Amino acid sequence: MQGFLIEGTKELKGEIRVSGAKNAALPIIAACLLVDGEVRLTDCPGLSDVYSSVRILGCLGCKAKAVNGEFYADCRDVSKDHIPDRLMRLMRSSSLYLGALLGRKGSAYVSYPGGCELGQRPIDLHLYALEKMGAKITEEHGVIECTTPGGLHGAKINLSFPSVGATENVILAAVLARGETVIYGAAREPEIADLSEFLRKCGAKITGDGTSTVRIEGVSRLHGCEYKVMPDRIAAATYMCALALAGGGLCIDNCIEQQLTPVSNVLAEAGCDVYFSGSRMYISRKKPLKSVGTVRTMPYPGFPTDAQPLVTAVLAKCRGTSIVVENIFENRFRLNSELVRMGADIKTEGRIAVIEGVNELYGARVMAADLRAGAALVCAAVSAEGVSELGMTEYIDRGYEHLEDTLSSVGAKIRRCII
Ligand code: EPZ
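None of these values were measured; they are calculated from a predicted model. (Residues numbered from 1 in each chain as written. Predicted model: local features only at pLDDT ≥ 70, side-chain atom pairs only at ≥ 80, totals over all residues. Heavy atoms only, no water.)

## Structural notes on the sheet that holds strand β18 (residues 321-325)
Alright, step 1. Strand order across the open sheet formed by four strands is β17-β18-β20-β19, with mixed pairing between neighbours. Two strands close off the open sheet at either side, each with one partner strand: β17 (294-296) and β19 (345-349). With direction set aside, neighbouring strand axes in the sheet form an average angle of 15°.
Alright, step 2. Where β19 and strand β20 (residues 352-356) come together, five bridges link them in antiparallel fashion. Within the sheet, the bridge partner assigned to I346 lies in β20 and is I355.
Alright, step 3. Against the sheet, helix α10 (residues 308-315) engages β17, β18, β19 and β20, with an angle of about 170° to β18. (Pairing = 2+ DSSP bridges. Helix = DSSP H or I, 4+ residues; strand = E, 2+ residues; numbered from the N terminus. Axes fitted to C-alpha atoms, helices over the stretch in contact; angles between N-to-C directions. Contact = heavy atoms within 4.5 Å.)

## Some words on the domain arrangement of the chain
Frequently, the measure chosen for interface size is the accessible area removed from exposure when the parts meet.
Alright, step 1. Looking at the assigned domains, one finds that the chain contains domain 1 (2-18 + 231-418) and domain 2 (22-228).
Alright, step 2. Look at where the C-alpha atoms of domain 1 and domain 2 centre, and you get two points 30 Å apart.
Alright, step 3. Opposite the 23 residues of domain 1 that make contact, domain 2 presents 25 residues.
Alright, step 4. Summing both partners gives a buried area of about 2000 Å² for domain 1 against domain 2, and 48% of it is carried by carbon and sulfur.
Alright, step 5. In terms of surface lost to domain 2, no three residues of domain 1 exceed Y300, R398 and E401, which account for 31% of the buried area on that side.
Alright, step 6. Inspection of the region where domain 1 meets domain 2 yields three salt bridges.
Alright, step 7. Inspection of the domain 1/domain 2 interface yields 11 residue pairs in polar contact (both at pLDDT 80 or more). (Domains from an automatic or database assignment. Buried area = accessible area lost by both parts, 1.4 Å probe. Salt bridge = Lys/Arg side-chain N within 4 Å of Asp/Glu carboxyl O. Polar contact = N/O pair within 3.5 Å; in protein donor to acceptor, adjacent residues only side chain to side chain.)

## With respect to empty space enclosed by the protein
Alright, step 1. Within this structure, the stated rule accounts for one cavity of 30 Å³ or more.
Alright, step 2. Approximately 30 Å³ is the volume attributed to the largest cavity.
Alright, step 3. Looking at the lining of the largest cavity, the elements that each hand over two or more residues are α8 (233-246) and α9 (257-270).
Alright, step 4. A class-by-class count of the residues in the lining of the largest cavity yields five nonpolar, two polar and two charged. (1 Å grid on protein atoms, 1.4 Å probe; cavity = no way out; pocket = protein on both sides within 12 Å on 5 of 7 lines; lining within 4 Å. Points joined across faces, edges and corners; volume = space filled by probe spheres on them. Nonpolar A, V, L, I, M, F, W, Y, C, P; charged D, E, K, R; others polar.)

## Considering the packing of helix α5 (residues 124-132) against helix α6 (residues 164-174)
A pair of packed helices can be characterised by two numbers: the angle between their axes and the separation between those axes.
Alright, step 1. Interaxial distance between α5 and α6 falls to 8 Å at its minimum, and their mutual angle equals 25°. Comparing their axes, α6 and α5 come out roughly parallel. Of the two possible hands of crossing, α5 and α6 adopt the one that is right-handed. Contact residues: α5 offers L125, H126, A129 and L130, while α6 offers G165, A166, N169, V170 and A173.
Alright, step 2. Across the contact of α5 with α6, the residue classes tally to six nonpolar, three polar and no charged. (Parallel < 35°, antiparallel > 145°, perpendicular 65-115°, else oblique. Left-handed = near helix turned anticlockwise from the far one by under 90°.)

## Some points on the site of the ligand
Alright, step 1. Around the ligand, a shell composed of 22 residues is seen, among which D124, L125, S163, D306 and I328 lie nearest.
Alright, step 2. The contact in question runs from an oxygen atom of the ligand to an N or O atom on the side chain of R92, over 2.8 Å.
Alright, step 3. Note that an oxygen atom of the ligand is positioned 3.5 Å from one of the side-chain N or O atoms of R332.
Alright, step 4. Calculation on the ligand without its partners gives an accessible area of 830 Å², and the protein chains cover 90% of this total.
Alright, step 5. Of the pockets mapped on this structure, the ligand occupies the largest pocket.
Alright, step 6. Breaking the shell around the ligand down by element, the ones donating at least two residues are α1 (22-31), α5, α6 and α12 (371-382).
Alright, step 7. For the shell around the ligand, the element with the most residues is α5, which contributes three residues.
Alright, step 8. Per-class residue counts for the shell around the ligand are nine nonpolar, five polar and eight charged.
Alright, step 9. The residues that make up the shell around the ligand include at least three from each of domain 1 (2-18 + 231-418) and domain 2 (22-228). (Near = heavy atom within 4 Å. Areas by Shrake-Rupley, 256 points an atom, 1.4 Å probe, with all protein chains shown as cover. Sits in = over half its atoms within 2 Å of the grid points.)

## Thoughts on the pairing of strand β5 (residues 70-74)
Alright, step 1. With four of five residues buried, β5 is to be regarded as a mostly interior element.
Alright, step 2. The pairing of strand β3 (residues 38-42) with β5 spans five bridges and is classified as antiparallel. If you follow R40 over to β5, its bridge partner there is Y72.
Alright, step 3. Pairing of strand β4 (residues 63-67) with β5, which is carried by five bridges, proceeds in the antiparallel orientation. Paired with V67 across the two strands is E70, which belongs to β5. (Buried < 20%, exposed > 50% of the residue type's maximum accessible area, 1.4 Å probe, protein only.)

Rendered as structure tokens:
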């Protein structure tokens, strides 16, 4: 099985540049389906989910490629409206092609998306919203068939939960629809503002992105553009947590302070020194880690659920008792049993984990259960006593471009191998 061999080390030192954000690039790539022209993205991360997106665009008749941190697409010829199940299952963000296909072709034949198993992850809010905009949707045996007999039209959409994906799907369906769409209760994650900014550069009329009320005025056509993908705030959080666990000092470049405040506040309280200068963040840790009380995940601008496994790994070595409450996904503690194998003292009950800090974590044979749990195990193993074997690293490759090389460049002893 694909894996990493990781020898625990003391201290990380050096500089890391954060790549473009996976969770911004993926919806922007889906949005290319709506563009009547050529698109060039820079700072597009070289991830397996990006390559899966290239395959989806290709199967719809588009020209698309991702190479050396850049992405190109020309979707002027979209000849199909059907995405095979094997491609839909590759990732969660394949669900976004529903809104993009309806916006472009007026019909879509897809199946349920794949993605990390963090709970049931339904798409009921996506389907509810698209039906409000005039889509006729049938679902049978996992297959979703959508048509828009009278074309998509603007609507007032009330989201009962600020779903990131549902907000993005509505924006994709609304930019070429007839009239105005208003999303009440929209997600406020920065990746939604990045998708909106890309679409505005293509000629879309979107306001309110980043707030809980987003307005989209449909236009007749979107033209091509060049666009730089925003930095990956969760990748930055990953490097911060690796440093917090190992100690030492890092400069992490290509950061946006406001987006990282929830994580930097927790790590500062745990004993790290963190400060920002423009797009550069400096983080160091010289004293022992201490408990921070309770960490609750919330929709943005609250503490991000994607950083929860990363911070749980840090709390495992914080002197005292810490509590983590996971309010977004019903099954996002699959990391914890693997950390216990490394010597952590964590009791998990439903959406709550109680963590008693230990002085050391120890190398062990552990498995990545999902993308961020895998990254958290890398952070734990990099600072553990002894050698760890980490399996199922294909999960990690979905969200990080050569994580092993990035951490090795600042002193970690980690290499890719078959375990
Ligand atoms: C996006 O997933 C991200 N993925 C996730 O990152 C992130 O954890 C999540 O947003 C929350 O921030 C991408 O952007 C590709 P949601 P998404 O819809 O859109 C429930 C990572 O590690 N829900 O906001 O799937 C759902 O079950 C990944 O990079 C419904 O009930 O998240 C979950 O409990 C993991 N019905 C909650 O809402 C729906 O129709 C949040 O889901 C939609 C969602």
